[in-house]
Amino acid sequence: MKLLPYIFALGVCLLPATLSAQTTNGFTDDVDAFMKAHVVDGRVDYAQLKKSGAELAGLYRQLGSVNLTGASSPEKKAFYINAYNVAVIYQVVQAFPLKSPLDKAGFFDKLKHRVAGQEMTLNQLEKEKLLAAYGDARVHFVVVCAAVSCPPLAGFAYTASKLDAQLDERTRLALNNASFIRVNKGQKKVELSKIFDWYKGDFTKDGQSAVAFVNGFRREKIPADYAVGFYEYDWSLNAR
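Right, let's walk through the structure included here. (Residues numbered from 1 in each chain as written. Predicted model: local features only at pLDDT ≥ 70, side-chain atom pairs only at ≥ 80, totals over all residues. Heavy atoms only, no water.)

1. A short note on the environment of Tyr 90
For the record, the criterion: Working definition: helices are DSSP H or I runs of at least four residues, strands are E runs of at least two. Numbering for both runs from the N terminus. Here, two residues are considered to be in contact whenever any of their heavy atoms come within 4.5 Å of each other.
For Tyr 90, the location among the structural elements is in helix α5 (residues 73-95). Linking Tyr 90 and Leu 59, residues 31 residues apart in sequence, is a C-alpha distance of 9.1 Å. In contact with Tyr 90, not counting residues within four places along its chain, are Leu 56, Ala 57 and Tyr 60.

The following block contains the structure:
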């Protein structure tokens with residue numbers, strides 16, 4: 001009987017730590033609600049979020065407390081994609097007003113975020129936790145850097161159960177967009193996003209070309225004899 005007070009006290013001490021750990025499911029649900037409320041046609045109303053950012057601030061705080069222990073590979077992958085997009089939006093809002101994410105020094109490679117208990121930059125989150133970990137080039141079409149030339153930001157969260165279909169859907173959406181893949185039939189030329197230049201190795205695995213990767217998702221294939229170039233990236237903010 002004398003042990004009961006001790007056990008009760010111990011349980012009370014441990015309770016806050018248990019409750020503070022955010023699950024991936026809870027975080028995903030909150031991201032989904034946020035994206036549906038604030039993303040329209042791939043663009044974000046940063047000015048409005050600057051005025052009333054409590055929801056975003058709360059979502060951002062969750063990034064650090066999510067516990068990935070025991071999470072499956074798809075759960076981790078979906079979490080890191082959502083984490084990247086939330087962190088980008090939060091960082092833009094913190095620095096707003098600005099015309100481009102590049103207007104904020106160290107936006108991608110210096111400023112750090114607490115993500116699932118670890119401190120990391122946006123570049124580390126994208127390159128180490130996603131690209132290096134999964135080797136999936138489709139990631140380039142779902143992590144959005146807040147620039148106009150980025151693939152459009154999805155108005156929903158990525159989920160483990162639907163992730164593969166969502167990755168295909170967003171990749172297909174970008175690669176069939178005439179502004180993102182610029183085909184000039186008269187000149188027999190195609191201009192690809194600089195993403196295909198910067199991350200060439202991600203799209204040319206097993207000896208395939210970048211165009212072959214693109215054609216894997218396009219309705220109208222790019223002919224093999226077309227000249228390939230890269231248009232300049234527009235770093236203007238994807239604001240509405």
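2. Observations concerning the packing of aromatic side chains
Applied cut-off: Pairing of aromatic rings covers Phe, Tyr and Trp, the last counted by its six-membered ring, and requires centre-to-centre distances within 6.5 Å; plane angles under 30 degrees mean stacked, over 60 mean edge-to-face, and any other angle means tilted. The buried label applies to any residue whose accessible area, calculated with a 1.4 Å probe on protein chains only, is under 20% of its type's maximum; exposed applies above 50%, and partly exposed to all values in between. Only when the NZ of Lys or the CZ of Arg is both within 6 Å of the ring centre and within 35 degrees of the ring normal is a charge said to sit over the ring.
A full pass over the atoms with the stated rule returns 18 aromatic pairs. Ring centres of Phe 196 and Phe 203 lie 4.3 Å apart, and the angle between their planes is 40 degrees; on these two criteria the pair is classed as tilted. With relative accessibility at 0%, the residue Phe 203 sits in the buried group. Arranged with centres 5.0 Å apart and planes meeting at 70 degrees, the rings of Phe 203 and Phe 213 form a pair that is edge-to-face. Here the residue Phe 203 occupies a position in helix α9 (residues 200-203), and Phe 213 occupies one in helix α10 (residues 210-215), the gap between them amounting to 10 residues. Neither residue differs from the other here; Phe 203 and Phe 213 are each classed as buried. Cation over ring: Arg 182 sits above Tyr 231, and NZ or CZ is 3.6 Å from the ring centre.

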